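The primary structure of each chain is shown beneath.
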Protein chains: 2
Amino acid sequence: MAVSNIRYGAGVTKEVGMDLQNMGAKNVCLMTDKNLSRLPPVQVAMDSLVKNGIHFQVYDNVRVEPTDASFMDAIEFAKKGAFDAYVAVGGGSTMDTCKAANLYASSPNSDFLDYVNAPIGKGKPVCVPLKPLIAVPTTSGTGSETTGVAIFDYEHLKVKTGIASRAIKPTLGLVDPLHTLHMPGQVVANSGFDVLCHALESYTAIPYHMRSPCPSNPITRPAYQGSNPISDLWAVHALRIVAKYLKRAVRNPDDIEARSNMHLASTFAGIGFGNAGVHLEMAVVHVLCAADPVTERHPDPASSAVSTVSALCLPGADIRSARTQDAGPMLADRLRKFLFELDVDDGLAAIGYSKADIPALVKGTLPQERVTKLAPRPQSEEDLSALFEAAMKLY
Amino acid sequence: MAVSNIRYGAGVTKEVGMDLQNMGAKNVCLMTDKNLSRLPPVQVAMDSLVKNGIHFQVYDNVRVEPTDASFMDAIEFAKKGAFDAYVAVGGGSTMDTCKAANLYASSPNSDFLDYVNAPIGKGKPVCVPLKPLIAVPTTSGTGSETTGVAIFDYEHLKVKTGIASRAIKPTLGLVDPLHTLHMPGQVVANSGFDVLCHALESYTAIPYHMRSPCPSNPITRPAYQGSNPISDLWAVHALRIVAKYLKRAVRNPDDIEARSNMHLASTFAGIGFGNAGVHLEMAVVHVLCAADPVTERHPDPASSAVSTVSALCLPGADIRSARTQDAGPMLADRLRKFLFELDVDDGLAAIGYSKADIPALVKGTLPQERVTKLAPRPQSEEDLSALFEAAMKLY
């Protein structure tokens, strides 16, 4: 298990300049997206850099739901800048883009596909030293500040894939709940379901000692290594926080206690799934998000899709007072109720899919072995078809 | 919060050579003590180094309960060897000695007291880069594989103190339950109480936001930063494991499930207290262990002393079904019962102390501000005197 350095507290973003100074950084790249670049999280970070006399350049061209092309653009910027440290202020897209930029700028002769997950890329292990990267999450969903994963849409194949290596994990995450106070309720709901799914999936992933083949050298161990006693702890704890605080966080933007706890839960779930992995639901999400129709039809396909399918593909969760065989249906009922109460889109149909899309969705899911193999049950093409059909409408 | 890289599993020690190769190490220092140097844990590690063609030198002169002099000896060895990586195979003494050797060999012009905790040393922050250190714990007590702390007896003042910095934390801990199968039951009991005390103390330490003074720069934040939502999680989980498995682990050396779980609990509690800190009981232990009479009279003063005083100085633990004001006495009763059932030494008297020693013990406890200040209650000289008196006999 590889874990993360996290500093948590209201206002910790103000310390980023001192942290970079302590790391000896002299030429820093601050990455964000155009929308955030004018908002308080980025302003606070920039003020801290200025105050501590750190020279920096801003890259605000991060694409929400990044692609190989948008990654490349950031990588070019990083190569030219010859930076000695990075700061990513934003959601998962920004943090993931920054990880990729740091990686390829540190390994300038590598081909882009060298480090991309097989079978799409070559999945080579990362053996070059990277520069320090400080991640400042501004949403409570991805947990990317804790993980060694960078996800993007590979446009040529219309599929979401990524780079997964402990080497690209941020050096430090500054988890500052002040950044969550501006989020609209529906973003809190959708990203909160993202947290819930990360936690459920890492908890129900196959145990680490049952994953095969067992790599002969630790460096080839996948970042998603299966559930283990440590990731379980984070996953279950994140689930408890979601159960206790998500509704409050959605309904009241000023409930700093609830929003702070959801921000922490996102980090906790990230530590869990960053070690254990996610599986079937995420494989499905990757297909949904990369398919053109959705990105055009829905402003936030990732979160909606996560919520949409989560109720259906997660048997085996821990419900101790019930018989084991009842746990799956009970969990599904509970999730459906939760989705309904928080007014999350009702199934794939609500975000623009129809039965006619199912064969393409199944076809896109099948090659995502990195995650599908961690599911507690193997899935046939028919299983996946039935899953997508049942996911058209949920509550 | 800074956390740790841990790999857990029966046989992971065999991978240490590959890990070092992956880190690019060419000239490694393997530290252990004379007793262990002929036993399987060290043999397995050495075989792995040989098999992977790693050049290494063995330093087996680690002193159990290290002193400034024994640290110096290891530091000299490290300086001469110009190593590019370290492996520590042993208990807390070995891991702590190796951390110190790595630190001072990486900072060769520093005076020994520069990095030692104030007020005994200067408590300077560590700004030099250290070499990779892989820790392989062979006991289930200290959690040193997860912490940035190295403890030693400062002989001149007859007091236990240490070096505390995130910079000296091992790069990787290989937590291999196979190493626990040879431990005698009484060692399992005493080191298990060490785990219990680490967890209880980090859980009851004052919250991180109430510790004062608040440092103006993150680099001067102490390694023991007060309890926080993350350390609480580790602490409570470690307590649950202790409650479930300690008795079984003590009574049956072949109970691999129980011993594996206690080995993990030690690591979990280490992550907890390595972040949150320990407080009064550990301050007391540091005095007890450094006092000559004990080390002469008892083969394992640290663990016994921990167990001995733990029942008395830990009010405020979480017992939800009781009234808050009953929690302290209930916890004390529970711990007394546990100590009795596992046949742990019955109080300070049983390990050779008498009332006449109390003034000296109090005097030694008072300067340990680094830990005493984290206690949930301030302590006067009279409080400490009463505490030691009550701790003479426990059950």
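Bear in mind that the values here come from a model prediction, so they are computed numbers and not experimental data. Residue positions are given per chain, counted from 1 along the sequence in the order it is written. Key to labels: chains lettered from A, ligands numbered from 1, both in the order written. Totals for whole chains, interfaces and linings use all residues, but because this is a predicted model, local features are given only for residues with pLDDT of at least 70 and pairs of side-chain atoms are given and counted only at 80 or more. Hydrogens and water are ignored here; the side-chain numbers use all heavy atoms of the structure.

Participant: Requested: an account of the interface of chain B and chain A, with residues and values cited.
Facilitator: Note on contacts: a residue pair is in contact if any heavy atoms of the two residues lie within 4.5 Å. Contact residues are listed per partner, giving 26 residues for chain B and 26 residues for chain A. Joining two parts hides part of their accessible area as seen by a 1.4 Å probe, and the buried area is that hidden amount summed over both. Each partner contributes to the roughly 2,500 Å² buried at the junction of chain B and chain A, and carbon and sulfur atoms together form 61% of this total. Any carboxyl oxygen of Asp or Glu within 4 Å of a side-chain nitrogen of Lys or Arg constitutes a salt bridge here. Between the two partners, chain B and chain A, sit zero salt bridges. In protein, a polar contact means a hydrogen-donor-capable atom and an acceptor-capable atom, both N or O and within 3.5 Å, with residues adjacent in sequence counting only if both atoms are side-chain atoms; elsewhere, any N or O pair within 3.5 Å suffices. In this assembly, chain B and chain A are joined by two residue pairs in polar contact (both at pLDDT 80 or more). The dominant element in the side of chain B that touches chain A, judged by the number of residues it contributes, is helix α6 (residues 229-251) of chain B, at five residues. Within the side of chain B that touches chain A, the residues separate by chemical class into 15 nonpolar, six polar and five charged. Going along the chain from the N terminus, every DSSP run of H or I of four or more residues is numbered as a helix, and every run of E of two or more is numbered as a strand. Ten residue types, Ala, Val, Leu, Ile, Met, Phe, Trp, Tyr, Cys and Pro, are classed as nonpolar, four, Asp, Glu, Lys and Arg, as charged, and the remainder, Gly among them, as polar.

Participant: Could you give an account of the pattern of salt bridges, with specific residues and numbers?
Facilitator: Where charged atoms of side chains with opposite charge meet at close range, the side chains can pair. All names here are of chain A. Counted under the stated rule, the structure contains 30 salt bridges over all chains. In this structure, D96 engages K99 in a salt bridge whose closest nitrogen and oxygen atoms are separated by 3.7 Å. Linking D96 with K99, this pair stays in helix α4 (residues 92-106), spanning three residues, or about one helical turn. Look at K99 and you get buried, because its relative accessible area is 1%. Note that R248 is salt-bridged to E257, the shortest N-O span being 3.1 Å. Only protein chains enter the accessibility calculation, which uses a 1.4 Å probe; a residue is then buried when its area is under 20% of its type maximum, exposed when over 50%, and partly exposed in between. By relative accessible area, which is 34% here, R248 ends up partly exposed. Note on E257: relative accessible area 41%, which makes it partly exposed.

Participant: Talk me through the sheet that holds strand β3 (residues 55-59) of chain A; I want residue IDs and the actual numbers.
Facilitator: Residues and elements named next belong to chain A. With respect to topology, six strands assemble into an open sheet ordered β1-β8-β5-β4-β2-β3, the strand pairing being parallel. Sheet topology places β1 (6-8) and β3 at the edges, where each strand pairs with a single neighbour. Between one strand axis and the next, the sheet turns through 20° on average, direction left out of account. Here, a strand pair is defined by DSSP locating no fewer than two bridges between the strands. All axes here are fitted lines through C-alpha atoms, helices being fitted over the stretch that makes contact, and every angle between N-to-C directions spans 0 to 180 degrees.

Participant: Describe the packing of helix α5 (residues 185-204) of chain B against α6 of chain B, and please don't skip the residues or the numbers.
Facilitator: All names here are of chain B. Where α5 meets α6, the closest approach of the two axes is 9 Å, and the angle between their N-to-C directions is 160°. On the basis of the axis angle, α5 is roughly antiparallel to α6. Seen from above, α5 lies across α6 with left-handed handedness. Of the residues in α6, those touching α5 at G185, V188, A189, G192, F193, V195, L196, A199, L200, S202 and Y203 are D232, A235, V236, A238, L239, V242, L246, A249 and V250. Note on angle classes: values under 35 degrees are labelled roughly parallel, values over 145 roughly antiparallel, values of 65 to 115 roughly perpendicular, and the remainder oblique. In this scheme, a crossing is called left-handed if the near helix is turned counterclockwise away from the far one by less than a right angle; it is called right-handed if the turn is clockwise.

Participant: How would you summarise the nonpolar core if you had to cite specific residues and measurements?
Facilitator: Definition used in this section: a nonpolar core is a set of buried Ala, Val, Leu, Ile, Met, Phe, Trp, Tyr and Cys residues joined via side-chain atoms within 4.5 Å. Among the nonpolar cores identified, the biggest contains 73 residues, and F193, W234 and L246 of chain A together with F193, W234, L246 and L342 of chain B are the most heavily contacted of them. Apart from the residues within four sequence positions on either side, W234 of chain A is in contact with F268, I271 and G272 of chain A together with I230, L233 and W234 of chain B.

Participant: So what about the environment of K26 of chain A? Which residues, and what values?
Facilitator: All names here are of chain A. Within the fold, K26 resides in the loop between α1 (16-22) and β2 (27-31). Expressed as a C-alpha distance, the spacing of K26 and A85, which sit 59 residues apart in the sequence, is 8.0 Å. The contacts of K26, once residues within four sequence positions are left out, are H55 and D84.

Participant: Residue-level account of the pairing of strand β7 (residues 159-164) of chain A, with values.
Facilitator: All names here are of chain A. Taking burial as the measure, the six residues of β7 include five buried ones, the bulk of the element. Of the strand pairs in this sheet, strand β6 (residues 149-154) and β7 are connected by six bridges, and their pairing is antiparallel. By the bridge assignment, I151 is partnered in β7 with G162. In sequence, β6 turns back onto β7 through a hairpin of four residues, with K158 there showing a positive phi of about 50°.

Participant: How would you sum up helix α13 (residues 358-365) of chain A? Please name residues and give values.
Facilitator: All names here are of chain A. All of the buried residues in α13 are I358, L361, V362, G364 and T365. Buried positions in α13, seen along its axis, are confined to an arc of 165° and lie on one side of it. In α13, the exposed residues that point more than 90 degrees away from the buried face are P359, A360 and K363. Each C-beta atom gives one direction from the helix axis, and the arc is the one those directions make.

Participant: Please give an account of the environment of F340 of chain B that cites residues and values.
Facilitator: All names here are of chain B. With respect to the helices and strands, the residue F340 is situated in helix α11 (residues 324-341). Classification of F340 as exposed rests on a relative accessible area of 54%. Taking the C-alpha atoms as reference, F340 lies 6.5 Å from Y395; in sequence the two are 55 residues apart.

Participant: Could you give me a rundown of the environment of A332 of chain A, with the residues and numbers involved?
Facilitator: Mapped onto the fold, A332 of chain A is located in helix α11 (residues 327-341). In this structure the C-alpha to C-alpha distance between A332 of chain A and L394 of chain A, which are 62 residues apart in sequence, comes to 9.8 Å.

Participant: Explain the packing of α6 of chain B against helix α7 (residues 256-276) of chain B residue by residue, including any values.
Facilitator: Residue and element names in this part refer to chain B. Contact geometry of α6 with α7 gives a least axis separation of 8 Å together with a crossing angle of 150°. With respect to α7, the element α6 is oriented roughly antiparallel. Relative to α7, the crossing made by α6 is left-handed. Across from S231, W234, H237, A238, I241, V242, Y245, L246, R248, A249 and V250 in α6, the residues of α7 making contact are E257, A258, R259, N261, M262, A265, F268, A269, I271, G272, N275 and A276. Looking at side-chain class alone, the contact of α6 with α7 contains 15 nonpolar, five polar and three charged residues.

Participant: Tell me about unusual backbone geometry, residues and numbers included.
Facilitator: All names here are of chain A. Following A118, the chain continues into P119 via a peptide bond in cis, with omega recorded as 5°. Within the fold, P119 resides in the loop between α4 and β5 (133-137). You will see that E65, though not glycine, has its phi angle at about 60°, which is positive. By the element assignment, E65 lies in the loop between β3 and α3 (68-81). Given the relative accessible area of 14%, E65 is considered buried. The phi torsion at A82 lies on the positive side, around 45°, for a residue other than glycine. When you line up the elements, A82 lands in the loop between α3 and β4 (85-90). A residue is classified by how much of its surface remains accessible, and A82, at 57% relative accessible area, is exposed.

Participant: Now, about the side chain of S165 of chain B: what can you tell me, with residues and values included?
Facilitator: Residues and elements named next belong to chain B. Here S165 lies in the loop between β7 (159-164) and β8 (172-175). Accessibility expressed as a relative area gives 14% for S165, which makes it buried. Apart from the residues lying within four places of it in its own chain, the contact partners of S165 are V126, G148 and A223.

Participant: Give me the packing of aromatic side chains: which residues, what numbers.
Facilitator: Pairing of aromatic rings covers Phe, Tyr and the six-membered ring of Trp, with a centre-to-centre limit of 6.5 Å; geometry is then stacked below 30 degrees between planes, edge-to-face above 60, and tilted otherwise. Counted according to the given criterion, the structure contains 22 aromatic pairs over all chains. Plain terms: the ring middles of F193 of chain A and F338 of chain A are 5.5 Å apart, the flat faces sit at 65° to each other, and that makes the pair edge-to-face. Of this pair, F193 of chain A sits in helix α5 (residues 185-204) while F338 of chain A sits in helix α11; the two residues are 145 residues apart in sequence, bridging distant segments of the chain. Overall, the relative accessible area of 0% leaves F193 of chain A in the buried class. Ring-pair connections join several aromatic residues into one group, and the members of that group are F71, Y104, F112, Y115, F152 and Y154 of chain B.

Participant: For the sheet that holds strand β3 (residues 55-59) of chain B, give the residues involved together with the corresponding values.
Facilitator: Residue and element names in this part refer to chain B. Reading across the sheet, the six strands line up as β1-β8-β5-β4-β2-β3 and stay open at both edges, with parallel pairing between neighbours. Looking at strand neighbours, the two that pair on one side only are β1 (6-8) and β3, the edges of this open sheet. For this sheet, the mean inter-axis angle between neighbouring strands, taken without regard to orientation, is 20°. Sheet contacts for helix α3 (residues 68-81): β2 (27-31), β3 and β4 (85-90); angle to β3, the most-contacted strand, approximately 160°.

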